[in-house]
Every structure is written in structure tokens, then in C-alpha cells.
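# What the coordinates show
Each chain, written out:
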Amino acid sequence: MGDKQARSPKDRFLTVYGRKPVLEVLADETLDVDKVILADTARGPAAAEIRRAAKNRGVAVQSASAHRVKVLAGNGKQDQGVLADVVAPRMLPLTAALDRSAPPSPLLVLDGITTPANVGMILRTATAAGLPGIVVPRRGVAALDPLVVKASAGVAFRAPVLRCGSAEEAVERLTESGYTVYALGSRAGAEATPLFDVDVPSRVAFVLGGETDGVSEAVSNLAAGWVSIPMPGDVESLNVSAAAAVVSFELVRRGR
Ligand SMILES: C[S@@+](CC[C@H](N)C(=O)[O-])C[C@H]1O[C@@H](n2cnc3c(N)ncnc32)[C@H](O)[C@@H]1O
């Protein structure tokens, strides 16, 4: 994965699409809206309202074909011919964060989490716990779209999101940078260290896996080991956002 992709412009923006979400971000003075892109086929009162709201905020409205808007919104989404790029001030490429003199730690890394509501809830919880970084790969994880923003209760705009191509790439980069990277799994059995006993070195990251398959084999092979949240009750696993909450606040407790 070259640096070009690692520094995609998408690393700065959350794209919001659809008339109502775009009007909502334009109405929110705390958000820095970079631009609005409106389909050249968009006419009538709804398009006029968006143009008016953008003008009031001094936000540029670019015109594009309806097809282009659809592609930019991630194809198959209910874009209604309009999207807005909102600057997420704390979103950074992972590589840039690791180049800092004090790289952020502890981190969460998302691997294969495809339900936007889970991604949004994880961003909200980890931000609430004060974690300095949540690695959200561009591939294999739900796109940072309005469903994620909604599930995060708007926290996604200011969550410390670190972007990279894939979870595998993130684990490789983190390991090269001296992080101990643990894979979180409920069924790892005897080979897993209970979360409440695990060492938390100064550079540490915990990988959360997908809703169905958990942490991928490729990622777990790169990790330093498995960690599990003890579950004395008889259930197979926690919802991934619940697991993220337990880990995040255990890290807060350890940091005291
Ligand atoms: C719904 S679980 C995935 C269950 C999946 N069948 C599996 O084999 O891992 C989603 C993610 O939440 C995290 N998780 C859930 N329960 C956990 C537990 N008790 N300990 C550690 N991680 C857990 C793991 O990262 C897991 O990959």
C-alpha cells in the first residue's frame, strides 16, 4: 500500500448524502462543510433550498452528473442527487499519526465490521473513553457515511479516526512502529489472555473483529496474541460495540 492511497483526500472528510442530512450539516455552525456537490439534474425547491443554505454558510456548490454523485456517494446509496464533504478535524492517515514524536496509544483497530451502527457506536464510545485513535480501514469496514454519523450521535465528526487501507496493513504498520497488537476474540479459548490480566504496554492496539467472522485469520496471524473479555454467563460473544465499550473503559481504568 503506497503513501498515495494512505493519504487519500477521504482521510479528511466525512461524506454525507441525501437532502435532509446535507441540510442538517449546513445548518450546524460547529461543522466545517468543505463543499456540496449537487447533481446537474437536481431542480425544484429542494435543490434551491440546498443552494440557499450553502450560500448562507459560504459553502461552494459544485455541479456534477447524477452518475458522478452516485459514484461519490458510494453507489447504491439514497443520495438524492446531493452530497456534502464535511471536514472531520481529527481524522488523520494512520501513517501520519505514527510519524508523530508521541504516537497515539492505546488504539482500537476495526477489522471487517460492516454494520454502520456498530462502527458509529464504537466511535462514540471510544471517543467518550478518551482513546486517542480508532483505526478505521477503508476496505472491509463500513464506509463512514450518514448511518455511521447517526449511530455515533454526531461524534463521528470529531472522533480521532485514523485511516489506512486495510486492517492487515494497520497491524503491520503498528507492529513496525513498536506497538503490541492484540486480537480480541470470545472463542479464542485457552490461548487467549483475559482482558483484565493483559499487559498494557505504552504502545498498544486492540483489534475488534467483524460481526460474523470475528478477527480475520490474516490479521490474527500478525497479532501478538488473543485477548478475551471473560464471560461467566453462557453466551457465545458480545456485540462488537459492547466489546469495544468494555475494552475502552478497561483501558481508562488502567490509565489511572
Ligand atoms: C460478534 S463478535 C464475532 C463473533 C464471531 N463469531 C467470532 O468467532 O469471533 C464481534 C467481535 O466482538 C469482539 N468480541 C465479542 N465478544 C468478545 C469477548 N468476549 N472477548 C473479546 N472480544 C469479543 C471480538 O473482537 C469479535 O471479533
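Residues numbered from 1 in each chain as written. Predicted model: local features only at pLDDT ≥ 70, side-chain atom pairs only at ≥ 80, totals over all residues. Heavy atoms only, no water.

In the annotation of an unreviewed UniProt entry, the protein chain is listed under the name rRNA methylase and assigned to Saccharomonospora azurea NA-128. The Sequence similarities (unreviewed entry) comment attached to the protein chain in UniProt states, word for word, "Belongs to the class IV-like SAM-binding methyltransferase superfamily. RNA methyltransferase TrmH family." (UniProt positions renumbered as here; feature names shortened; annotations may be inferred.)

Right, let's talk about the domain arrangement of the protein chain for a bit. Parsing the protein chain into structural domains produces domain 1 (3–87) and domain 2 (92–253). With 15 residues of domain 1 at the interface, the matching set in domain 2 holds 15 residues. For the domain 1 and domain 2 pair, buried surface summed over both sides reaches about 1,300 Å², with 57% attributable to carbon and sulfur atoms. Between the two partners, domain 1 and domain 2, sit zero salt bridges. Applying the counting criterion to the domain 1 and domain 2 interface returns one residue pair in polar contact (both at pLDDT 80 or more). Contributions of two or more residues to the side of domain 1 that touches domain 2 are made by helix H1 (3–6) and strand E1 (13–17). For the side of domain 1 that touches domain 2, the element with the most residues is E1, which contributes four residues. (Domains from an automatic or database assignment. Contact = heavy atoms within 4.5 Å. Buried area = accessible area lost by both parts, 1.4 Å probe. Salt bridge = Lys/Arg side-chain N within 4 Å of Asp/Glu carboxyl O. Polar contact = N/O pair within 3.5 Å; in protein donor to acceptor, adjacent residues only side chain to side chain. Helix = DSSP H or I, 4+ residues; strand = E, 2+ residues; numbered from the N terminus.)

With 16 residues, helix H10 (residues 240–255) should reach 22 Å at 1.5 Å per residue; the first-to-last C-alpha distance of 22 Å fits that figure. Here the buried face of H10 lies against strand E6 (107–110), helix H6 (116–128), strand E9 (180–184) and strand E11 (204–208). (Expected span 1.5 Å × (residues − 1).)

Looking now at the pairing of E9. Two faces make up the sheet, and in a regular strand the side chains alternate between them. Counted residue by residue, E9 has four buried out of five residues, so it is predominantly covered. Of the pairings in the sheet, the one linking E9 to strand E12 (residues 225–228) comprises three bridges and is parallel in character. From the neighbouring strand, Ala183 faces E12, where its bridge partner is Trp226. (Buried < 20%, exposed > 50% of the residue type's maximum accessible area, 1.4 Å probe, protein only. Pairing = 2+ DSSP bridges.)

Let's shift gears to the pattern of salt bridges. For side chains bearing opposite charge, pairing can occur when the charged atoms are close. For the structure on display, the rule yields eight salt bridges. A salt bridge links Arg253 to Glu250, with the nearest nitrogen and oxygen atoms 2.9 Å apart. Residue Arg253 and its partner Glu250 are located together in helix H10, separated by three residues, close to a single helical turn. Overall, the relative accessible area of 47% leaves Arg253 in the partly exposed class. Of the charged contacts, one joins Arg254 and Glu250 as a salt bridge, the two residues approaching to 2.8 Å between their closest N and O atoms. With Arg254 and Glu250 both in helix H10, this residue pair falls four residues apart, about one helical turn. One network of salt bridges, in which partners are shared, links Asp34, Lys35 and Asp85.

Let us now look at the packing of helix H2 (residues 19–27) against helix H3 (residues 44–57). Between H2 and H3, the least distance of the axes is 9 Å, while the angle of their chain directions is 20 degrees. On the basis of their axis angle, the class for H2 and H3 is roughly parallel. Crossing of H2 over H3 shows left-handed handedness. Every residue of H3 that contacts H2 at Arg19, Val22, Leu23, Val25 and Leu26 is listed here: Ala46, Glu49, Ile50, Ala53, Ala54 and Arg57. Classifying every residue of the contact of H2 with H3 gives eight nonpolar, no polar and three charged. (Axes fitted to C-alpha atoms, helices over the stretch in contact; angles between N-to-C directions. Parallel < 35°, antiparallel > 145°, perpendicular 65-115°, else oblique. Left-handed = near helix turned anticlockwise from the far one by under 90°. Nonpolar A, V, L, I, M, F, W, Y, C, P; charged D, E, K, R; others polar.)

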